[in-house]
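# Fold and geometry: a report
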Amino acid sequence: MTRHHAHEARQQVSDVAGPTLRIDPSVCDGVGICAHLAPDLIALDSWGYPIIDDHVLVRKRQQRQANAAVSACPKKALFISG
Ligand code: SF4
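What you see is a predicted model, and the numbers here were worked out from it, not measured in a lab.

In terms of regular secondary structure, the chain is built from three helices and four strands. In sequence order, the chain lays out its α and β elements as α-β-α-β-β-α-β.

Our focus in this paragraph is the site of the ligand. Neighbouring residues of the ligand: 14 residues in total, closest Cys 28, Cys 34, Cys 73, Lys 75 and Ala 77. Residue classes in the shell around the ligand are distributed as 10 nonpolar, two polar and two charged.

Moving on, we get to unusual backbone geometry. A positive phi angle, close to 55°, is found at Lys 76, a residue other than glycine. Checked against the element boundaries, Lys 76 lands in the loop between helix H3 (60-72) and strand E4 (78-81).

Among the structural elements, Ala 72 can be located in helix H3. Taking the number of C-beta atoms within 10 Å as the measure of exposure, Ala 72 has 13 and is therefore partly exposed. When neighbours within four sequence positions are excluded, Ala 72 is seen to be in contact with Ile 33, Cys 34 and Leu 37.

Cut-offs and rules
- Numbering of residues begins from 1 in every chain and follows the order in which that chain's sequence is written.
- Restriction of local features to residues with pLDDT of at least 70 applies here, the model being predicted, together with a cutoff of 80 or more for giving and counting side-chain atom pairs; totals for whole chains, interfaces and linings are based on all residues.
- Helix and strand labels come from DSSP, where a helix needs a run of H or I of at least four residues and a strand needs a run of E of at least two; each type is numbered from the N terminus.
- As used in this record, a residue near a molecule or strand is one whose C-beta atom, placed from the backbone, is within 6 Å of it.
- In the scheme used here, Gly and all other residues not listed as nonpolar or charged are polar, with Ala, Val, Leu, Ile, Met, Phe, Trp, Tyr, Cys and Pro taken as nonpolar and Asp, Glu, Lys and Arg as charged.
- In this scheme every C-beta is placed from the backbone, and a residue whose C-beta has 20 or more other C-beta atoms within 10 Å is buried, one with 12 or fewer is exposed, and one in between is partly exposed.
- Any residue pair is listed as a contact if its two C-beta atoms, each placed from the backbone, are within 7 Å.

Put into structure tokens, the structure is as follows:
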């Protein structure tokens, strides 16, 4: 299993309603700026690739962090859906 496959395997699609932070792992370069800006939502795996908490962004703090990470991602890999 390649690291990208391992990474994608963690990006479970959930059936929740509401805005959620998402990632396109095919464009992410794994530098991890996002994890510093959204520590409540993003952890880094052992290769430095983000692991996204895909729960609905119900709290203002979560929404602020998600927006900051989306804006700062140099690859435009992050987006908010829902
Ligand atoms: S900032 Fe963007 S490119 Fe960098 S690790 Fe996070 S999602 Fe990937």
